Amino acid sequence: MAISRRSFLKGIMVTSTAGLIGPSLLSIAQAAGNSPEGTWKITGSHWGAFRARVLGGKVQEVKAFELDKYPTDMLNGIKGIIYSPSRVRYPMVRYDFYLKRHKSDTTQRGDFRFIRVTWDEALDMFYEELERIQTTYGPSGLYAGHTGWRATGQVHSCGNHLFRSMAMHGNYVRKVGDYSTGAGQTIMPYVLGTTEVYAQGTSWENILNESKIVVLWAQDIHKNLQVGWNCETHESYEYLEKLKDKIAKKEIRVISIDPVKSKSQNYLNCEHQYVNPQTDVALMLALAHTLYTEDLHDKEFIETYCLGFEEFVPYLLGTATDKLEKTPEWASSICGMKAEDIKQLARDMAGNRTQLLFGWCIQRQQHGEQPYWMGAVLAAMLGYIGLPGGGVSYAHHYSGIGVSSSGAAGPGAFPGIPDSDEHIKHKSDDFKGASATIPVARWVDMILNPGKTIEANGSKITYPDVHMAVFSGNNPWHHHQDKNKMKKAFHKLQTVVTVDYNWTATCRFSDIVLPACTQYERNDLDLYGSYSARGVIAMQKLVDPLYQSKTDFEIFTEFSKRMGKHREYSRNKTEMEWVKELYDGCVAANKGKFEMPEFDKFWQDGFVDFGKGPAWTRQEDFRKDPELNSLGTPSGFIEIFSRKIDRFGYDDCKGHPAWMEKLERSHGGPGSDKYPVALQSCHPDQRLHSQMCESTEYRETYSVQGREPIYLSPGDAKTRGIKDGDLVRVFNERGQLLAGARVSDNYPSGVARIYEGAWYGPVDETIGSLDTYGDPNTLTMDVGTSQLAQACSAFTCLVEVEKFKGKAPEVTAFNQPTGMG
């Protein structure tokens, strides 16, 4: 699959003009691709662009796109997605729901007994349930605003199709925020003026040329850059390769602050600074204490660009209400780093231009707002914000952020809202005194507690009384915490509908399941490079939809026929007419800046290359003129102390960043006497969340005895009599799962990891049932980060691990349902 750099460069006869690489190369490649061995087609994915050889109506081979110099190994899982034994093959209805509709026994949800129906029967049933909910309960009775990572492609954007079709029927409850960055995207507008987590960062060129120290703080950049929101280019890896070389030559010092030795640290061969899980804020406060007491902080920067430092200092020095000075000695007992090492790190950062690169995992914990806020305060005290190679970033691991943008406009998308109010059947906005939107991580709490009022970002949110949920293009049973709590919530719902191409746990716990096709069974187009905007790529249909699956466009156009609005829904256009319209819109948006060929030429060649953009430094304009280029904070400056947050009066998110103890914390923290191991559920190395877990042969390259791996320290394994390759039971009071032990020197005692996205496969549908494959959210805690963000706290989780004895149950996560008819 992989294409070496040498072969790539030889094939294109290296040119200094990146924009010349593209149509000529691609036309030649396509012309050579039509042979008795099959036809080569091009498409894109979260894992990158690739060409597929199709013969006899089946994908036979996959090769990385020629421009991708660093393709991910996950391309080897593509065929397993298309031909997965977990595919939803036909429209299916849960057996008891088929018999009794909304009066069914909801405790049977998850028993995996389904009956096959026709498409017309399934869509009629779906529509009848929506009508019943809207006429009986109004819009507060329907939750249909959930989103996830979806499949790539702009025409078949599954979220947009769901939202448009549901909105044409009537109003419904929606969510705000996401699981990946819920705390960060809420706190950072108060501190730096934008969400930061989805903002373009300082270009890698500037980091490589100007940084003296780069801190990877809870940041496994090498692992996570394998995937992107749009079709990923993997251009970041060229810079990581250069960074590795500079480390070896001692031109840049890179420090990975992390409980474990990450994939990135092992690749870069950089320094590792251990920190106890969930204690980063204590370490940051001690660094800030050293900078302040040793007069190493940039007073001029703070005076010119920041507000609220004088209100933060009393807390730092212990002269405020808590009377606790945040010294390195104080922090050392919490975070596990020696006090003298903390002081030296602060001195080193103060004396050398430092780029802080934070990952997302440390804000997925209780009080997750605090590490991001304190990270910004630390960067402000160092004074490098706005300088090339200095400051702070919260997203260099995501979708190629840091690769300079071409500045080109990408293609639009299928609309996610009705074109006119005249197209809406039920126009009611009466949510019966409840809120129309809720923080996404509280949706299960919402179902369980209708009428409950919570605080969220300065507002009061009253939960609506939801009776029906509809999901499409996302898998909430794999990104929400505490599976047994979810089961209780799903017992309360009258009707659950899911549109997907696999029998995920979300489908397993639904009543009506509609089979979508994969993105490789339809035509579409996508932006190549989410932030670099490197080009536009054609997503040519590789094979026809398998079984009775349909495209999202087809499914919801057919659904809209039940309202007599299918022409309004589709704007009376076909799939390929939509592809052409979105492409032509992109051509018009780029006219005069980037010349693009006519559509037929684009579709034949498969790619338009916009080239690379100029290097850029985040917050450079703000540093040059903070008045003219003010931030989006209430004051326009960096807010070390937020008066607005302070006025909210939250005891779990005060007016300045602070250390707060967790409900559960390892290494002597609360709960560690009974459950001593911190379980971290990081983004996976060999899939995208739960996507690709269904790819059987690829899953077998990393699973252990058919189960998801749990990574343990040699010490923890030895004390429990566990050897590498053993099956283990991982448990706490919230649940239990089976996993396969991987014993690794990269892990310290008291820390274990199971990658999130592992498919949930319980022995049965009952509360407390053993998960047979290894979904860590069987064990994670479902509490909000704080009253500010109410975001996901999955990293606040303690467990115990023991060697599994006896006969292991069959893995049920990837099965087909039991047919009842």
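Just so it is clear, the model here is predicted, and its values are computed rather than measured.

Before going further, it helps to examine the UniProt feature "domain: Molybdopterin oxidoreductase" (unreviewed entry) in the protein. Under the local residue numbering, the UniProt record ascribes the feature "domain: Molybdopterin oxidoreductase" (unreviewed entry) to residues 87-562. Within the segment residues 87-562, helix and strand shares are 37% and 16% respectively, and the terminal C-alpha atoms sit 27 Å apart.

Within helix α22 (residues 552-561), seven of the ten residues are buried, which leaves it mostly tucked inside the rest of the structure. Within α22, the full set of buried residues consists of Asp-552, Phe-553, Ile-555, Phe-556, Thr-557, Phe-559 and Ser-560.

Another aspect to go through is unusual backbone geometry. A positive phi is found at Phe-112, a non-glycine position, where the angle reads about 65°. Position of Phe-112 relative to the elements: it lies in the loop between α4 (95-100) and β5 (113-116). The class for Phe-112 is buried, based on a relative accessible area of 6%.

Across all of its chains, the model carries 51 aromatic pairs by this definition. Ring pairs connect the aromatic residues Tyr-143, Trp-443, Phe-471, Trp-477, Phe-490, Phe-509 and Tyr-760, which therefore count as one cluster. Sitting over the face of the ring of Phe-112, Arg-508 holds its NZ or CZ atom 4.0 Å from the ring centroid. Above the face of the Trp-578 ring, Lys-573 is positioned so that its terminal group lies 5.7 Å from the ring centre.

For the rest of this paragraph, the subject is the environment of Arg-742. Its location among the elements puts Arg-742 in strand β27 (residues 735-743). Residue classification places Arg-742 among the partly exposed residues on the basis of a relative accessible area of 29%. Leaving out residues up to four positions away in the same chain, Arg-742 has contacts with Val-704, Pro-709, Ile-710, Tyr-711, Leu-712, Asp-724 and Gly-725.

As for its placement among the helices and strands, Arg-707 is situated in the loop between α28 (696-699) and β25 (709-712). Asp-771 is the oppositely charged side chain nearest to the buried, salt-bridge-free Arg-707, at an N-O distance of 8.0 Å. With residues near it in sequence (within four places) discarded, Arg-707 still touches Leu-727, Leu-738, Ala-739, Gly-740, Thr-772, Tyr-773, Ala-808, Pro-809, Glu-810 and Val-811.

The next subject is the nonpolar core. The biggest cluster of nonpolar side chains holds 110 residues, and the ones touching the most others in it are Trp-47 and Trp-217. Take this core: its biggest share by element is ten residues, from helix α17 (residues 369-382). Once residues within four sequence positions are removed from consideration, Trp-217 is found in contact with Ile-257, Asp-280, Leu-283, Met-284, Leu-287, Leu-357, Phe-358, Gly-359, Ile-362 and Leu-378.

Right, let's get into the pattern of salt bridges. Taken as a whole and assessed by the stated rule, the structure comprises 51 salt bridges. A salt bridge links Arg-113 to Asp-111; the nearest nitrogen and oxygen atoms lie 3.1 Å apart. In this structure, the salt-bridge partner of Lys-249 is Asp-245, at a minimum N-O distance of 3.1 Å. Within the structure, one salt-bridge network assembled from shared partners comprises Arg-53, Glu-61 and Lys-63.

This next bit is on the sheet that holds strand β2 (residues 50-55). The strand order across the open sheet built from three strands is β1-β2-β3, with neighbouring strands paired in antiparallel fashion. The open sheet has two edge strands with one neighbour each: β1 (39-43) and β3 (58-64). Taken pair by pair, the neighbouring strands of this sheet meet at an average axis angle of 30°, ignoring direction. Relative to β3, β2 is paired through six bridges, and the arrangement is antiparallel. Residue pairing in the sheet places Arg-51 in a bridge with Lys-63 of β3.

If you trace the nine strands from one edge of the open sheet to the other, you get β14-β7-β6-β17-β18-β19-β4-β5-β30, paired in mixed fashion. In the strand order of this sheet, the two ends are held by β14 (437-439) and β30 (818-819), each with one partner. As judged from the two bridges shared by β5 and β30, these two strands associate in the parallel manner. Each residue of the ladder has a partner; that of Arg-113, found in β30, is Thr-818. Seen against the sheet, helix α5 (residues 119-136) touches β4 (92-94), β6 (142-145), β17 (468-472), β18 (495-500) and β19 (512-515) and runs at an angle of roughly 130° to β19.

Turning our eyes to something else, we now look at the pairing of strand β26 (residues 727-732). Burial analysis of β26 places five of its six residues in the buried class, the great majority of the element. Where β26 and β27 come together, six bridges link them in antiparallel fashion. Pairing of Val-728 across the sheet is with Ala-739, part of β27. Two strands pair when backbone bridges link them, and β26 and strand β29 (residues 798-803) are joined in this way by four bridges, in the antiparallel orientation. Residue pairing for β29: Arg-729 is matched across the bridge by Glu-802.

Let's shift gears to the state of the cysteines. One pass over the full model with this rule turns up zero disulfides. With no disulfide of its own, Cys-682 lies 5.3 Å from the sulfur of Cys-361, the closest cysteine sulfur. Unpaired in terms of disulfides, Cys-693 finds its nearest cysteine sulfur in Cys-507, a separation of 14 Å.

Mapped onto the elements of the fold, Asp-96 is located in helix α4. Relative accessible area serves as the criterion here: at 7%, Asp-96 is assigned to the buried category. Side-chain polar atoms of Asp-96 contact the backbone nitrogen of Asp-105, separated by 2.6 Å. Not counting residues up to four positions away in its chain, the partners in contact with Asp-96 are Arg-101, Ser-104, Asp-105 and Gln-108.

What counts and what doesn't
Residues numbered from 1 in each chain as written. Predicted model: local features only at pLDDT ≥ 70, side-chain atom pairs only at ≥ 80, totals over all residues. Heavy atoms only, no water. UniProt positions renumbered as here; feature names shortened; annotations may be inferred. Helix = DSSP H or I, 4+ residues; strand = E, 2+ residues; numbered from the N terminus. Buried < 20%, exposed > 50% of the residue type's maximum accessible area, 1.4 Å probe, protein only. Phe/Tyr/Trp six-rings, centres within 6.5 Å; stacked < 30°, edge-to-face > 60°. Lys NZ or Arg CZ within 6 Å of the ring centre and 35° of its normal. Contact = heavy atoms within 4.5 Å. Lys, Arg positive; Asp, Glu negative; His and termini not counted. Salt bridge = Lys/Arg side-chain N within 4 Å of Asp/Glu carboxyl O. Core = buried A, V, L, I, M, F, W, Y, C linked by side-chain atoms within 4.5 Å. Pairing = 2+ DSSP bridges. Axes fitted to C-alpha atoms, helices over the stretch in contact; angles between N-to-C directions. Disulfide = S-S within 2.5 Å. Polar contact = N/O pair within 3.5 Å; in protein donor to acceptor, adjacent residues only side chain to side chain.

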